[in-house]
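# Coordinate inspection notes
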Amino acid sequence: MADMLARLVKVTGPAKRFALFTLVAFIFMMVAAGCVSSSLNNPPADNTAVEQNTSVQQKEKQVSEPFASQEEQRVETALNKQEVSGEKPAVSGTLKVYFIDVGQADAILIKLPSGQNILVDGGNNDDGSLVVNYLKQQGVKRLDHVIGTHPHEDHIGGLDVAIKSFEVGKVYLPRVSHTTKTYEDLLLAIKNKGLRVTQAKAGVKLDVGPGVEAVLVAPNSSGYEDLNNNSAVLKLKYGSTSFLFTGDAEAESESEMLRAGYDLKADVLKVGHHGSHSSTTPAFLKAVSPKYAVVSVGKGNDYGHPHSETLAKLAAAGVQVFRTDLQGTIVVTSDGKSITFNKKASPVKERAPGTSSSNGSISVALPASASSGDVKIVGIDLGGEVVTIKNTGSKKVDISGWRLVSETGNQSFTFPSGTVIPAGGTLRVVSGRNAQAGPDTLVWTRKYIWNNDGDPGVLYDAQGNLVSRYQ
Amino acid sequence: MLVIDRFEGEMAVIEYNGRTFNLPRSLLPAEAKEGDVLRVSITVDKEQTAERKKKIECLMDELFE
């Protein structure tokens with residue numbers, strides 16, 4: 001085996017070697033772990049949180065303290081006037097939402113005042129027993145509703161184990177297939193339990209007992225290029241408090257939810273796609289107008305989640321952000337009038353050196369270093385689909401890996417490596433059916449990008465710092 | 001079996017024996033989509049290996065006392 005691995009490492013080209021190193025390291029870990037898929041075994045009977053030594057993406061995971069009372073933060077939510085005037089059933093009991101720390105994945109338990117439980121996603125494949133044990137610690141005996149938002153492994157990975165481990169009422173999945181073993185395992189777990197699947201789509205109401213409204217507001221269509229947009233999005237309303245759980249819904253699904261006219265307003269937003277820039281468009285954020293946002297994300301993940309532009313948008317909107325990578329499992333309690341978190345909101349700029357979080361003040365991402373600050377978007381021809389970027393400084397600037405973002409549509413163009421703008425030089429980025437490459441002209445796509453009714457363009461450097469915004 | 005579970009930016013997340021690992025998207029064929037099953041064949045480039053060995057050993061000779 002070692003000999004085979006050694007030979008595998010000797011391959012062509014630096015990029016391939018890097019990738020194959022990852023592959024080889026992975027295979028090695030699989031071998032070291034004996035290739036045992038623990039997720040398929042019955043979970044241990046004890047109720048203690050489990051430490052798992054998992055492969056590649058996840059390191060050790062342990063569900064943090066369910067409730068840290070000393071850090072408790074209590075914030076009254078303003079009563080919505082419409083809701084005060086409208087007739088409401090008497091609200092009693094508490095609703096609890098547990099954003100379980102499953103690293104770079106999602107797993108959310110909702111305990112309803114009626115005693116029913118909802119599980120939204122189940123973490124990665126290796127998180128099955130962790131999630132099951134955590135649920136048992138919270139006294140869960142039955143999962144009345146299990147929602148697999150979409151078939152990606154970081155959402156449905158542990159759901160098969162959860163379904164095997166509890167009495168289950170209904171299972172909701174969007175009707176979109178995936179070829180992975182992970183998805184097959186989920187379908188088989190459902191089948192072996194003699195259950196059927198309810199199609200998750202906009203308009204589906206969950207029967208969650210008195211006092212709480214639970215309705216899916218997405219997906220609104222099908223045939224998306226990316227599975228993320230099939231995400232089941234759950235809106236929950238209890239008394240005057242509300243929650244929106246978005247799975248990995250991206251810009252396309254967000255705009256469909258807006259068009260469909262759903263009441264998206266929510267006190268607590270589970271930020272879409274782990275805080276990726278593919279989600280949380282300004283229009284969507286405005287419609288939701290959350291007071292609090294929760295990002296379910298793994299520390300030091302390989303994808304840069306949460307992306308700094310998403311954090312900047314949330315900060316600019318004055319939203320308090322909670323993150324599982326910084327704060328572990330986050331527990332939110334609603335009594336129908338007010339919302340309580342078991343943790344303090346996270347500092348806005350976690351990565352920025354020397355940023356103090358002690359006063360809880362909010363700072364928005366500032367433009368990057370002086371040299372990159374000399375690069376500006378100097379014009380966007382929305383109709384002609386031409387963006388002009390100028391280097392106003394006296395030194396050339398390498399913009400490899402920088403991104404140009406159309407804010408309205410949330411589309412993004414990454415500058416290829418080796419893209420350099422000379423001192424005083426300009427670069428055009430063109431799109432649309434007539435887009436043609438030329439000297440100092442890059443083609444984004446043959447699709448139309450810019451919304452003629454107004455569409456700000458934003459330039460981010462390779463680290464995700466905002467460099468220039470043009471409106 | 002290797003299956004593309006998803007893309008995350010420039011990374012492809014590949015499912016292998018029910019677990020996942022990342023591969024730069026640039027190593028995959030342009031038409032590769034989520035859910036595609038991959039066939040991988042790896043060969044050793046003896047020529048480049050020899051070249052690398054020579055280059056590194058030259059550098060070592062230069063540095064070692």
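The structure this text deals with has already been given above.
Here is what the cut-offs are and how they apply
Residues numbered from 1 in each chain as written. Chains lettered and ligands numbered in written order. Predicted model: local features only at pLDDT ≥ 70, side-chain atom pairs only at ≥ 80, totals over all residues. Heavy atoms only, no water. Patch = residues over 30% accessible without salt bridge, like charges linked within 9 Å, V, L, I, M, F, W, Y side chains within 5 Å. Areas by Shrake-Rupley, 256 points an atom, 1.4 Å probe, with all protein chains shown as cover. Salt bridge = Lys/Arg side-chain N within 4 Å of Asp/Glu carboxyl O. Helix = DSSP H or I, 4+ residues; strand = E, 2+ residues; numbered from the N terminus. Pairing = 2+ DSSP bridges. Buried < 20%, exposed > 50% of the residue type's maximum accessible area, 1.4 Å probe, protein only. Phe/Tyr/Trp six-rings, centres within 6.5 Å; stacked < 30°, edge-to-face > 60°. Lys NZ or Arg CZ within 6 Å of the ring centre and 35° of its normal.

### A short note on a nonpolar patch on the surface
Together, Ile56, Leu59, Met60, Leu63 and Phe64 of chain B make up an exposed nonpolar region whose accessible area comes to about 520 Å². The topology assignment puts Met60 of chain B in helix H1 (residues 46-63).

### Structural notes on the sheet that holds strand S1 (residues 2-8) of chain B
Residue and element names in this part refer to chain B. The strand order across the open sheet built from 4 strands is S3-S2-S1-S4, with neighbouring strands paired in antiparallel fashion. Only two strands of the sheet have a single partner each, and these edge strands are strand S3 (19-24) and strand S4 (37-38). Across 6 bridges, S1 lies against strand S2 (residues 11-16) in antiparallel orientation. The residue of S2 that forms the bridge with Glu8 is Met11.

### Topic: the pattern of salt bridges
One side chain can pair with another of opposite charge once the charged atoms of both are near each other. A full pass over the atoms with the stated rule returns 16 salt bridges over all chains. The salt bridge partner of Lys270 of chain A is Asp106 of chain A, with a shortest N-O separation of 2.8 Å. You can see Lys270 of chain A sitting in strand S13 (residues 268-270) and its partner Asp106 of chain A sitting in the loop between strand S4 (95-99) and strand S5 (107-111), a full 164 residues away along the chain. No difference in accessibility class separates Lys270 of chain A from Asp106 of chain A, as the two residues are buried. Members of the salt-bridge network, linked through shared partners, are Glu153 and Asp154 of chain A together with Asp5, Arg6 and Glu8 of chain B.

### Section: the packing of aromatic side chains
Within this structure, the stated rule accounts for 9 aromatic pairs over all chains. Relative to Phe245 of chain A, the ring of Phe243 of chain A lies with its centre 6.1 Å away and its plane at 5°, an arrangement referred to as stacked. The exposure classification of Phe243 of chain A matches that of Phe245 of chain A, with both residues buried. Where Phe413 of chain A meets Trp444 of chain A, the ring centres are 5.7 Å apart and the plane angle is 35°; that geometry is what we call tilted. Pair noted here: Phe413 of chain A is in strand S22 (residues 411-414) and Trp444 of chain A is in strand S25 (residues 441-445), with a separation of 31 residues, a long-range link. Here the two residues Phe413 of chain A and Trp444 of chain A agree in accessibility, since each one is buried. The residue whose ring lies beneath Arg25 of chain B is Phe7 of chain B, and the NZ or CZ to ring-centre distance is 3.7 Å.

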